[in-house]
Amino acid sequence: MESSIYVCLLSILLFCHIIPFTHSFNSSFQPRCHDDESSALLQFKESFIVNNTFDDCYPKVESWKLVKGERGDCCSWDGVQCDEETNHVISLDLANSCLYGSINSNNTLFYLVHLHSLNLACNNFNLSQIPSQVGRLSRLTHLNLSFSGLSGQIPQQIFNLSRLISLDLSHYHHGLKLHKPSFKDLVQHLTNLKVLHLSSVSISSRVPKLLANFSSLESIRLIDCGLQGEFPVGIFQLPNLKILDLSKNTDLKGYLPPFQLKSPLKSLILYRTNFFGELPSLFGNLACLEELDISDCSFTGQIPYSFSNLCKLVYLDLSDNHFSPSISSFSWIGNLTKITTLQLVGLILTGEIPSWLMNLTQLSFVNLGRNQLTGPIPSSLDKLSKLENVFFWKNQLSGQISFQIYNLTSLSSLALSSNELQGSIPSNVSRLKNLEGLDLHSNNLVGSVDVSTFLQLKKLSIFILSFNSLTLIAKNSTTASTPNFQVLGLASCSLAGFPRFLHNQDQLKFLDLSSNNIQGKIPSWMCSISTNYLDYLNLSPNLLTDLRSNRLHGSLPLPPSSTFSYLISHNKLVGEVSALLCKLSALETLDLSFNNFSCSLPHCLGNLSDSLSLLDLRRNNFNGSIPSKWRTGCKLRMISIGYNQLQGKVPRTLAKCSSLELIDFGNNLIIDRFPSWLRNLQDLRILILRSNGFYGVIDKPQAKGFSNLRVIDLSHNSFTGKLSSIHFEIWDAMKVINASLMTYMGDSMGPNDWLPAGAYYGRYDYSMILYSKGLELEYTKIPDILTAIDFSYNKFEGEIPDIIGNLQKLYLLNLSNNFLNGHIPSSLANLKALECLDLSRNMISGKLPSELSKLTFLSSFNVSYNQLEGPIPRGNQFDTFESNRYEGNKGLCGFPLKKKCENFEASPQERSNVVEDDDTGFVFKFKWMIVLIGYGSGFIFGVVVGHKVTRKKHNWFLKTFGRKQQHRSQRVNRR
């Protein structure tokens, strides 16, 4: 009996254990996923290509499969998450999953209406628009479509996602737009947001003030959105805000308010905005701040010492503002010992590299470039053992490069270019096994450099020694272990040939071999290096395969198809320019100037309208007509084809190149009327048609045009008719010019991803030739403030218009050798900046206006061979001009002519002060000094730094000034 009871109890016990186990076993193999959702996911997968070539992507959808004959459990698939109770798909994370293809409103993705979180970031949806069906996913709280190749207007249906707390639609290159609906509309509907990231979405509006009421906001990233107006200051005071990034919104204004204690802000990025004013004294209240970038803004004044309270700061960039320029005012940085990145670029800092820098023991990146720091590089820098990137470029540092700096074995980038460093390059540079970038260009370094020392640095990809006094020893051997260079600058390194180590280079983007002694033809292997990568080819004097100003001869080599800059000027190349050049579809800069090419230009050059920005073909023997196939949307900004033998007419298709700033067709054989249609080019600043066969009357403009014109040279043609007042009236750029900062015309060029390399290679300076004071002036750099009118050697007639006196910033006016008559307008005395005035060889009558003596910058004046009469004005510059400037006017009298003026008061006694030039012994009266100093300011013509003076005749100006100016030009042109 007892045994029966025992067996019964045991059976019941086993049953109680087996039944739950069986239920658990069956449930563990029962698919949780709903069939319709599993099917929707599989169809979603099939609508895309899995492209494994994307960088660092992982194809999650490859795990989405159904086992034949069984139901699949999509809840176990990669990137899929289901609700524990309902088993509906509530989260889909396919970020960086190698997806490629278009997405539209029919996509089965939008059947997953229970989704709470959707992340499709970092895929490629082939410029699809965000489908309006996204509005069906109304339960979403997190939506991330960032960097996924979407485009077009963000649909209004996104407002249905009222539960969103995180929205990230950030993209590259303004693929998405938020115009209609607008940013304000979005903010009004999505009021629960904690995260709002819309970087590079084209917004182009103000930031809604309503955003300052979103108390739950934690992160705002609105980089490069075209934001405008004043930023709502209340957003800075949001109680939960941790990240605020408004960078690259150049039209966004604002100021920083006093920050409150206990602010949670960790990252504040205002780089390249228009924020202004002084930094608040309570800035130090941001005790949680880890990242601060307010570079390239308009902040002023002293930096508050409360910055020293920012003890958690690891990233600090204050570059390119207008703070008080004293390195001592930044001493508080020495207290911020957690800093790993420090950038103080372009702050006009003076003094030596500060000792407090050595307190920053965690520092890995330091950039003090573009300041005025002096003294040596401290040897104690080697105490900062974690330093990886050191940028001290473009200062005034002197002394030798310390051996100790090469003890920084973690060093990845070292940029000491554009300083005054002396001595040799330390031999222990080979210890820097991690070095990737070395830039020492434009110093005073001397000695021989064995390139094999640097070839041992296997990670070295950026290597620039240009413009020192170094002699590079490159043995004629190649090795498979040579570093793969991307940027290589060996200009002015006394090279006699092409270094053989270039032979195996297949990743080179930038090569500068300019200003060496390389002779002969370019070797065939040189034209085949880096055929898939080479972007910038310069075979001329200062920039990548840059061989300008060498002694190369032979025919023009074709660069790799990827080349975007090809400069091979100032050589002795001959023959034809192949039409194959037109197949360089990425070409932006082409400079073949100063060679001996003698052929017609390929007419297919117009096929490069979509890419070509700078075209310089001067000083060759090109013949035939000017290429005319320029297309709508042409990107040409500069075309300079002077000093050739080109014929025909100016092609009207150039009107399609609306960005043109400089046109130089001077010294050719063009026969045409004045191209009045050029007035529609709103950006045109310089127009040179000198020495051609242009003829006829210049039509009066029917509407405004040439409003930005600064230089116009029509000399040595056959233009006729009167000088219309309307022309001079519309040239607004000659009336008011900001001369507070000397800038030069040019365009960016070259890679900018490595800052010092970009600073070295990244600009092409426009150049031109003008005639002034009997000299041919070659401007290798054109100052923005330069203004000139040269209508000499034509057949203009009539009177000189009074309205010319309104061009108050005019520097040169040459109307000589025409048939002008009437009087000299007294309004010319309003041209306070005028330096050169030539009215010679006309039929001008009357007296010389006495008011002209007020032109205190006038250094060249010529009214010879007219019909003038009466006394010559006295005082200031007029006491310096020689008699030949007045000859041929029988009625003129007074100094410096021998003819005395009757009934005119005698001139005052000449001062007796005499100055002797120690070098030449040339003696001249003190009054001549007025010509040189211009009453306190340097001349634009003949004195502006950066041009070359070519002697056309022996005159006083050249004897007393030319030698010194030539020396100065050589120093400045040394890049």
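The rules behind these values
- Residues numbered from 1 in each chain as written.
- Predicted model: local features only at pLDDT ≥ 70, side-chain atom pairs only at ≥ 80, totals over all residues.
- Heavy atoms only, no water.
- Helix = DSSP H or I, 4+ residues; strand = E, 2+ residues; numbered from the N terminus.
- Buried < 20%, exposed > 50% of the residue type's maximum accessible area, 1.4 Å probe, protein only.
- Contact = heavy atoms within 4.5 Å.
- Areas by Shrake-Rupley, 256 points an atom, 1.4 Å probe, with all protein chains shown as cover.
- Core = buried A, V, L, I, M, F, W, Y, C linked by side-chain atoms within 4.5 Å.
- Salt bridge = Lys/Arg side-chain N within 4 Å of Asp/Glu carboxyl O.
- Pairing = 2+ DSSP bridges.
- Phe/Tyr/Trp six-rings, centres within 6.5 Å; stacked < 30°, edge-to-face > 60°.
- Lys NZ or Arg CZ within 6 Å of the ring centre and 35° of its normal.
- Patch = residues over 30% accessible without salt bridge, like charges linked within 9 Å, V, L, I, M, F, W, Y side chains within 5 Å.
- Lys, Arg positive; Asp, Glu negative; His and termini not counted.
- Charge placed at Lys NZ, Arg CZ, Asp CG, Glu CD.
- Expected span 1.5 Å × (residues − 1).
- 1 Å grid on protein atoms, 1.4 Å probe; cavity = no way out; pocket = protein on both sides within 12 Å on 5 of 7 lines; lining within 4 Å.
- Points joined across faces, edges and corners; volume = space filled by probe spheres on them.
- Nonpolar A, V, L, I, M, F, W, Y, C, P; charged D, E, K, R; others polar.
- Disulfide = S-S within 2.5 Å.

Undergrad: Before we move on, can you summarise the overall build of the chain with the specific residues and values?
TA: From N to C terminus, the chain includes 8 helices and 67 strands. A buried classification covers 54% of the 975 residues belonging to the chain. Taking the contacts inside the chain whose residues are at least 6 apart along the sequence as the reference set, 57% of them involve residues at least 24 apart. For the chain, the exposed area adds up to about 42100 Å²; of that, 49% sits on carbon and sulfur atoms.

Undergrad: Can you explain the nonpolar core? Please cite residues and give values.
TA: General note: in soluble globular proteins, nonpolar side chains tend to be found buried as a group. Counting 149 residues, the largest nonpolar core has Leu167 and Leu318 as the members making the most contacts within it. Of all elements in the fold, only α2 (35–46), β2 (80–82), β3 (89–93), α3 (183–189), α4 (451–455) and β32 (469–473) reach the threshold of two or more residues within this core. With 4 residues, the single largest contributor to this core is α2. When near neighbours in sequence (up to four residues on either side) are disregarded, Leu318 contacts Leu292, Ile294, Ser295, Ile303, Phe323, Phe330, Trp332, Gln343, Leu344 and Leu347.

Undergrad: So what about the environment of Gly79? Which residues, and what values?
TA: By secondary structure assignment, the location of Gly79 is in the loop between β1 (49–50) and β2. The class for Gly79 is partly exposed, based on a relative accessible area of 23%. Put simply, Gly79 and Trp64 are 15 residues apart on the chain and 9.8 Å apart in space, counted from C-alpha to C-alpha. Filtering out sequence-adjacent residues up to four positions away, Gly79 remains in contact with Lys60, Ser91, Leu92 and Asp93.

Undergrad: Break down the pattern of salt bridges for me, with residues and values.
TA: Under the defined criterion, the tally for this structure stands at 12 salt bridges. Residues Arg618 and Asp616 are paired through a salt bridge, measuring 3.0 Å at the closest nitrogen-oxygen approach. When its relative accessible area of 6% is taken as the criterion, Arg618 is described as buried. Classification of Asp616 by relative accessible area gives buried; the value is 2%. The residue Arg637 makes a salt bridge to Glu661 at a minimum N-O spacing of 3.1 Å. On the criterion of sequence distance, the pair formed by Arg637 in the loop between β43 (623–625) and β44 (638–640) and Glu661 in the loop between β45 (645–648) and β46 (662–664) is long-range, its members being 24 residues apart. Judged by its relative accessible area of 25%, Arg637 falls in the partly exposed class. Judged by its relative accessible area of 11%, Glu661 is buried.

Undergrad: Tell me about the sheet that holds strand β12 (residues 229–230), and please be specific about residues and values.
TA: The strand order β12-β14-β16-β18-β20 describes an open sheet built from 5 strands, whose pairing is parallel. Looking along the sheet, the strands with just one partner apiece sit at the ends: β12 and β20 (322–323). Pairing between strand β18 (residues 298–301) and β20: 2 bridges, direction parallel. Of the residues in β20, the one forming a bridge with Thr300 is His322.

Undergrad: Tell me what's going on with the packing of aromatic side chains, and back it up with residues and numbers.
TA: Following the criterion strictly, the structure yields 28 aromatic pairs and no others. Plain terms: the ring middles of Phe147 and Tyr172 are 4.7 Å apart, the flat faces sit at 45° to each other, and that makes the pair tilted. Of this pair, Phe147 sits in the loop between β6 (142–144) and β7 (152–153) while Tyr172 sits in the loop between β8 (166–168) and β9 (176–177), and the two are 25 residues apart along the sequence. Given the relative accessible area of 30%, Phe147 is considered partly exposed. Overall, the relative accessible area of 59% leaves Tyr172 in the exposed class. One aromatic cluster in this structure is built from Phe674, Phe694, Phe706, Phe719, Phe728, Trp731, Phe791 and Phe796. The ring centre of Tyr744 lies 4.4 Å from the NZ or CZ of Lys781, which sits over that ring.

Undergrad: Tell me about the pairing of strand β54 (residues 768–772), and name the residues and values.
TA: Judged by how many residues are buried, β54 sits mostly within the fold: 4 of 5 residues are covered. By the bridge criterion, 5 bridges tie β54 to strand β55 (residues 775–779) in an arrangement that is antiparallel. For Ser772, the partnering residue across the bridge sits in β55 and is Leu775.

Undergrad: Describe in detail the side chain of Ser430, supporting the description with residues and values.
TA: Looking at the element boundaries, Ser430 is found in the loop between β28 (420–422) and β29 (437–439). In this view, Ser430 contacts Thr453, Gln456 and Leu457; residues no more than four positions away in its chain are not counted.

Undergrad: Just give me the short version of unusual backbone geometry, but keep the residues and values in it.
TA: That bond from Lys180 to Pro181 is cis: its omega, 5°, falls within 30 degrees of zero. Looking at where Pro181 falls in the secondary structure, it is placed in the loop between β9 and α3. Even without a glycine there, the phi angle at Asn876 is positive, about 50°. Looking at the element boundaries, Asn876 is found in the loop between β63 (867–871) and β64 (891–893).

Undergrad: Could you give me a rundown of a positive patch on the surface, with the residues and numbers involved?
TA: Taken together, the side chains of Lys242, Lys266, Lys312 and Lys338 define a basic patch exposed on the protein surface. In this structure Lys312 comes out as partly exposed when scored by relative accessible area, which is 39%.

Undergrad: Summarise α2; cite the residues concerned and give the values.
TA: A rise of 1.5 Å per residue sets the reference length of α2, with its 12 residues, at 16 Å; its end C-alpha atoms lie 17 Å apart and thus fit the reference within 8%. Among all positions in α2, only Glu37, Ser38, Ala40, Leu41, Leu42, Phe44 and Lys45 are buried. Looking at the buried residues of α2, the elements they touch are β2, β3 and β4 (99–100).

Undergrad: Can you explain empty space enclosed by the protein? Please cite residues and give values.
TA: Counting across every chain of the model gives 3 cavities of 30 Å³ or more. What the largest cavity holds in volume is close to 110 Å³. Around the largest cavity, the lining is made up of 14 residues, and of these Ile698, Leu714, His727, Trp731 and Phe791 lie nearest the centre. Class assignment for the residues of the lining of the largest cavity results in 11 nonpolar, 2 polar and 1 charged.

Undergrad: So, the environment of Leu268: which residues are in play, and what are the values?
TA: Counting through the fold element by element, Leu268 comes out in strand β15 (residues 267–269). You can call Leu268 buried: its relative accessible area is 0%. When neighbours within four sequence positions are excluded, Leu268 is seen to be in contact with Phe236, Leu244, Phe283, Leu289, Glu291, Leu292 and Asp293.

Undergrad: An account of the environment of Leu858 is requested, with residue identities and associated values reported.
TA: In this fold, Leu858 is placed in the loop between β61 (845–847) and β62 (860–862). We classify Leu858 as buried; its relative accessible area is 0%. With 22 residues separating them along the chain, Leu858 and Cys836 place their C-alpha atoms 6.0 Å apart. The residues touching Leu858, leaving out its near neighbours within four places in the chain, are Leu834, Glu835, Cys836, Leu837, Gln877, Phe878 and Phe881.

Undergrad: So, the pairing of β32: which residues are in play, and what are the values?
TA: With burial as the criterion, only one face of β32 is covered, namely that bearing Leu470 and Leu472; the residues Ser469, Thr471 and Ile473 on the opposite face remain uncovered. With 5 bridges joining them, strand β30 (residues 446–450) and β32 adopt parallel strand pairing. Note that in β32 the partner of Gly447 across the bridge is Leu470.

Undergrad: If you had to explain the state of the cysteines to someone new, which residues and values would you point to?
TA: Inspection of the entire model under this criterion finds 6 disulfides. In this model Cys75 forms its disulfide with Cys82; the gap between the sulfur atoms is 2.0 Å. Sign of the S-S torsion, about -95° for the bond between Cys75 and Cys82, identifies this disulfide as left-handed. For Cys82, a relative accessible area of 6% translates into the label buried. Across the disulfide from Cys634 sits Cys657; the S-S distance is 2.2 Å. For the disulfide bridge between Cys634 and Cys657, the dihedral angle about the S-S bond is near 90°, and by the sign convention the bridge is right-handed. Of this pair, Cys634 sits in the loop between β43 and β44 while Cys657 is found in the loop between β45 and β46, placing the two residues 23 residues apart along the sequence. We classify Cys634 as buried; its relative accessible area is 3%.

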